[in-house]
Amino acid sequence: MSVSIKSPKQIELMREAGRLLALVHLELYKALKPGMSTWDVDQLGEKMIRDFGCIPNFKNYNGYPAAICVSVNDEVVHGIPSKHHILQEGDIVSLDCGLIYKGLHSDAARTWGIGEISPEAKRLISVTKTSFFEGIKLAKEGNHLFQISAAIQDYVEAHGYSVVRDLVGHGIGTHLHEDPQIPNFRQRGRGIRLQSGMTLAVEPMVNEGHYDVEWLDDDWTVVTRDGSLSAHYENTILVTPDGCEILTMMPGEEP
Ligand code: MF3
Ligand code: CO
């Protein structure tokens, strides 16, 4: 397995890829409302990406038919946008999106509530987000990759939830998915030593109930096996000598 170190030029382009993607997420967040279809969300996101002169990297990836994965309630990830799936008050919706800017990729996900959501759903979303930040505290040169994995799992499980085992984060750069794989749960061994210039997509997927998931007949949509809610939070990050830089934070977004 070889993990690429990005050049200063590539890092500049990845910063821009990340900044533009964060703007897409902000616009999608502002647009979400009951009555909107998941297809509407995808259309809006794809248009914004193309208006930036970028390419939606998810579209046609292994045959995936849309620019954005829109996953509602017990859908974990890779929900396929549909005109027939209408967002309703009280739903939680995970938006996973990426783009290519001048050959460099970005990838980020957020889970939002539609209108007023239950306190339980709010807590799940907040624990998922915080688990990402607990994980990336360990993302710095000289640390080992699986320290991030363990920190995410520990935080999630301390709050009574579970982390999905069947899907993981990944390196990112000139491709959407590069080495290394980044599990959100403890591993044997330490994993690779982190170096400045590595760019990673860290993406905890957290279930309210059991971590088991299954695939729907569309061969894409991943759902919780027990039907419990699931949330997702992902950013593209750059490893630096004393920590990491998050390349896909939305303007005004707090950790
Ligand atoms: N964001 C997903 C990931 O983190 C990629 C989705 S692949 C697609 O790996 F095909 F569903 F678009
Ligand atoms: Co990803």
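Refer to the structure presented above.
Residues numbered from 1 in each chain as written. Chains lettered and ligands numbered in written order. Predicted model: local features only at pLDDT ≥ 70, side-chain atom pairs only at ≥ 80, totals over all residues. Heavy atoms only, no water.

### So, the sheet that holds strand S12 (residues 230-232)
Next, step 1: The 3 strands are arranged S5-S9-S12 in an open sheet whose pairing can be described as antiparallel. Where the open sheet ends on each side, the last strands, each with one partner, are strand S5 (162-163) and S12.
Next, step 2: As paired strands, S5 and strand S9 (residues 205-207) are joined by 2 bridges and run antiparallel to one another. Its bridge partner being in S9, Ser162 is matched across the sheet by Asn207.
Next, step 3: Contacting S9 and S12, helix H3 (residues 119-136) runs over the sheet at an angle of about 35° to S12. (Pairing = 2+ DSSP bridges. Helix = DSSP H or I, 4+ residues; strand = E, 2+ residues; numbered from the N terminus. Contact = heavy atoms within 4.5 Å. Axes fitted to C-alpha atoms, helices over the stretch in contact; angles between N-to-C directions.)

### So, the nonpolar core
Next, step 1: Judged by nonpolar contacts, the single largest core of 41 residues is most densely connected at Leu32, Val41, Leu87, Val93, Leu95, Leu99 and Tyr101.
Next, step 2: Breaking this core down by element, the ones donating at least two residues are helix H1 (8-31), helix H2 (38-51), strand S1 (68-72), strand S3 (92-101) and strand S4 (104-113).
Next, step 3: Tallying contributions element by element places H1 first for this core, with 10 residues.
Next, step 4: Excluding residues that lie within four positions of it along the chain, Val41 makes contacts with Leu28, Leu32, Met36, Ile68, Val70, Leu87 and Leu95.
Next, step 5: Ala121, Leu145, Tyr233 and Ile237 belong to the second largest nonpolar core, which has 30 residues in total. (Core = buried A, V, L, I, M, F, W, Y, C linked by side-chain atoms within 4.5 Å. Buried < 20%, exposed > 50% of the residue type's maximum accessible area, 1.4 Å probe, protein only.)

Just distances and angles here, no functional claims.
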